[in-house]
Amino acid sequence: MIRTLSALVRRDLMLAARVGGSGSLSLVFFLMIVALVPFALGPDLNLLSRIGPAILWLSAVLATLIGLDRLFQADEEDGSLDLMTASAAPLELVVLAKVLAHWITTGLPLALAAPLFGLLVALTPTAMGATALTLLIGTPALTFIGAVGAALTASIRRGGLILAIVVLPLMIPTLIFGVSAAESALSSTVPFTTPLAILAGLSLIAAVVGTLAAAAALRWGE
Amino acid sequence: MRLIVESLACRRSGRRIFSGLSFALGAGEALMVTGRNGAGKSSLLALLSGRLKPDAGTIRVEGVGEATLPECLHVVGHRDGLKGALTAQENLDFARDLLGQPTAGPREALEALGLAHALRLPVTYLSAGQRRRVALARLLVCRRPLWLLDEPTAALDTASQGVLAGLMAKHRAQGGLVVAATHQSLGLEDARELRIAPPSPDAALAESDPWA
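Being a predicted model, the structure only gives us computed values, none of them experimental.

Colleague: With reference to specific residues and values, describe the overall build of chain B.
Modeller: For chain B, the helix and strand inventory stands at six helices and eight strands. Its helices and strands taken in sequence order, chain B reads β-β-β-α-β-β-α-α-α-β-α-β-β-α from the N to the C terminus. Relative to its length of 212 residues, chain B is compact, with a C-alpha radius of gyration of 18 Å against a globular reference of 17 Å. Taking the principal axes of its C-alpha atoms as reference, chain B extends roughly 60 × 35 × 30 Å. Within chain B, contacts between residues at least 6 apart in sequence are counted, and of these 72% link residues at least 24 apart.

Next up, the structure:
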């Protein structure tokens, strides 16, 4: 089991590194949106730093969608998915490994780059740290929710748009608690840990429900 | 192991492909599935591999302990499951880790198919026939009793077809089973033939008429 899991994660990381895939692309997309907002709002630093965490979170949600459509589709098209179903490991484990590898190549870089991009929206150091931490805890939820959509659209050509429409509404709770956690670090109305704990809970729930649902969707699609 | 198929029927997108298919295959036996294009040869292999669900009928395996049918078989088909960006060795290593029960290493497996020089080449650089040989090398890196081969000789040159015939003979001598969908003779000695006949027009009509 562990051997299968590590083989899958290793292969997907190797593919991502070699094809120069969606990881770097979604990071650039993230940077683009964050950089566009100050142009749209004008040079009001107070306003920017107030809505900065929300902008970073919104950009992260959109950037997560990049490359998500190929998560299972690439393997479905070339028959690798058939190979994986022939493994002794259950399909849920295969899904878990693939989503983990996807998060390491897309979600993790987003969280790590957030402090740097926070400079563009005039975040204070505290807010930068808080936003990065909430992204680190919250992006797994986004990836796992997205995986369900990716599994549903695996056999649809150009399913990327449908994928976005299906999963974006489901990402709303994560967005709400992610932003409120980041903002509570700045104001003292709510303790920082309360929304953060809910965010962590959302990630854990998404990990379980997302894995099972994506595996079920892949089975159903066959 | 023993593979038993009883009155199997297949339906795809509402259309009946075939029905009433029965056969049993024991250790060391081979089955050639023939029929015109679109008769359902690949669908039969997909049913056996568990990728499609049968419309009716049963597929059973005996003598494999607790393993399920998908865990007992290798599939080599049109979609070869190889990643172009990875080298032949990495592809085979991955299959070994994924499928379990490793036997030969990637180098020996590729040597057996005369492709040892491609070990460190990305698969995307290989020709169609070489790609197919890498996919066939997967049969050798893990031990699985049932081989499902869909047009295994497609894109293979005559020498490689001979090599494949030798591999299948060796596999059967060790008690393995081979089910191959094909239009050509594969060099399978005393293989049984299963011809998938098209459904009779009357039956097809009766089926499509909701008021019948």
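Colleague: Give a description of the overall build of chain A that names residues and reports values.
Modeller: Within chain A, the regular secondary structure consists of 11 helices and zero strands. The secondary structure elements of chain A, listed N-terminal to C-terminal, are α-α-α-α-α-α-α-α-α-α-α. Computed over C-alpha atoms, the radius of gyration of chain A comes to 18 Å, within 12% of the 17 Å expected from 2.2 N^0.38 for 222 residues, which places it in the range of a compact globule. Out of the 222 residues belonging to chain A, those deemed buried represent 50%. Long-range pairs, those at least 24 residues apart, make up 80% of the contacts in chain A with a sequence separation of at least 6.

Colleague: Give a detailed account of the packing of helix α6 (residues 91–105) of chain A against helix α8 (residues 125–152) of chain A, specifying residues and quantitative values.
Modeller: Residue and element names in this part refer to chain A. Packing of α6 against α8 leaves a shortest axis separation of 10 Å and a crossing angle of 130°. Classified by the angle between their axes, α6 and α8 sit oblique to one another. As for the relative orientation of α6 and α8, their crossing is right-handed in sense. Mapping the contact onto sequence places V95, V99, H102 and W103 in α6 and T139, P140, T143, F144 and A147 in α8.

Colleague: Provide a residue-level description of the nonpolar core, including the pertinent values.
Modeller: General note: in soluble globular proteins, nonpolar side chains tend to be found buried as a group. Counting 126 residues, the largest nonpolar core has A:A147, A:A151, B:A137, B:L148, B:V178 and B:V179 as the members making the most contacts within it. When residues of this core are assigned to their parent elements, the largest contribution, 15 residues, is made by α8(A). Contact partners of A:A151, with chain neighbours within four places excluded, come to A:F72, A:A214, A:A217 and A:L218.

Colleague: Describe in detail the pairing of strand β3 (residues 30–34) of chain B, supporting the description with residues and values.
Modeller: Residue and element names in this part refer to chain B. The buried count for β3 comes to four of five residues, which makes it a mostly enclosed element. Where β3 lies against strand β7 (residues 177–181), four bridges are found, and the strand directions are parallel. Counterpart to V33 in the pairing with β7 is A181. Sheet analysis places β3 next to strand β8 (residues 192–195), joined by four bridges and oriented parallel. The residue of β8 that forms the bridge with T34 is R195.

Colleague: Summarise the interface of chain B and chain A; cite the residues concerned and give the values.
Modeller: Every contact between the two is made by 23 residues of chain B and, on the other side, 19 residues of chain A. Put simply, the parts of the chain that give the side of chain B that touches chain A at least two residues each are β5 (73–76) and α2 (88–99) of chain B. Among the elements that make up the side of chain B that touches chain A, the one with the highest residue count is α2(B) (six residues).

Colleague: With reference to specific residues and values, describe the packing of α8(A) against helix α10 (residues 172–184) of chain A.
Modeller: Residue and element names in this part refer to chain A. Where α8 contacts α10, the two axes come as close as 8 Å, and the packing angle between them is 160°. When the axes of α8 and α10 are compared, the pair comes out roughly antiparallel. Considering the relative orientation of α8 and α10, their crossing is right-handed. Counting all contacts with α8, which are made through A127, A130, T131, T134, G138, A141 and L142, the residues of α10 involved are T174, G178, A181 and A182. Considered class by class, the residues forming the contact of α8 with α10 number six nonpolar, five polar and no charged.

Colleague: Any details on the pairing of β7(B)? Residues and values, ideally.
Modeller: All names here are of chain B. Counting buried positions over the five residues of β7 gives five, a clear majority of the element. Residue alternation in β7 divides its side chains into two sets, L177, V179 and A181 and V178 and A180, and both sets are buried. As defined by bridge partners, strand β6 (residues 146–150) adjoins β7 across five bridges and the pair is classed as parallel. Opposite L148, over in β7, you have V179 as the bridge partner.

Colleague: Before we move on, can you summarise the sheet that holds strand β1 (residues 2–12) of chain B with the specific residues and values?
Modeller: All names here are of chain B. Reading across from one edge, β2-β1-β4 is the order of the three strands in this open sheet, with antiparallel pairing throughout. Of all strands in the sheet, those with a lone pairing partner are β2 (15–25) and β4 (56–62), marking the two edges. Direction aside, the axes of adjacent strands within the sheet are offset by 15° on average.

Colleague: I'd like to hear about unusual backbone geometry, residue by residue, with values.
Modeller: One non-glycine residue, A:R158, lies in positive phi territory at about 55°. In this structure, A:R158 sits in the loop between α8 and α9 (160–167). Within the chain, B:S13 stands out as a residue other than glycine whose phi angle is a positive 50°. With respect to the secondary-structure elements, B:S13 resides in the loop between β1 and β2.

The rules behind these values
Residues numbered from 1 in each chain as written. Chains lettered and ligands numbered in written order. Predicted model: local features only at pLDDT ≥ 70, side-chain atom pairs only at ≥ 80, totals over all residues. Helix = DSSP H or I, 4+ residues; strand = E, 2+ residues; numbered from the N terminus. Rg over C-alpha atoms; globule rule 2.2 N^0.38 Å. Contact = placed C-beta atoms within 7 Å. Buried ≥ 20, exposed ≤ 12 C-beta atoms within 10 Å, placed from the backbone. Axes fitted to C-alpha atoms, helices over the stretch in contact; angles between N-to-C directions. Parallel < 35°, antiparallel > 145°, perpendicular 65-115°, else oblique. Left-handed = near helix turned anticlockwise from the far one by under 90°. Core = buried A, V, L, I, M, F, W, Y, C linked by C-beta atoms within 7 Å. Pairing = 2+ DSSP bridges. Nonpolar A, V, L, I, M, F, W, Y, C, P; charged D, E, K, R; others polar.

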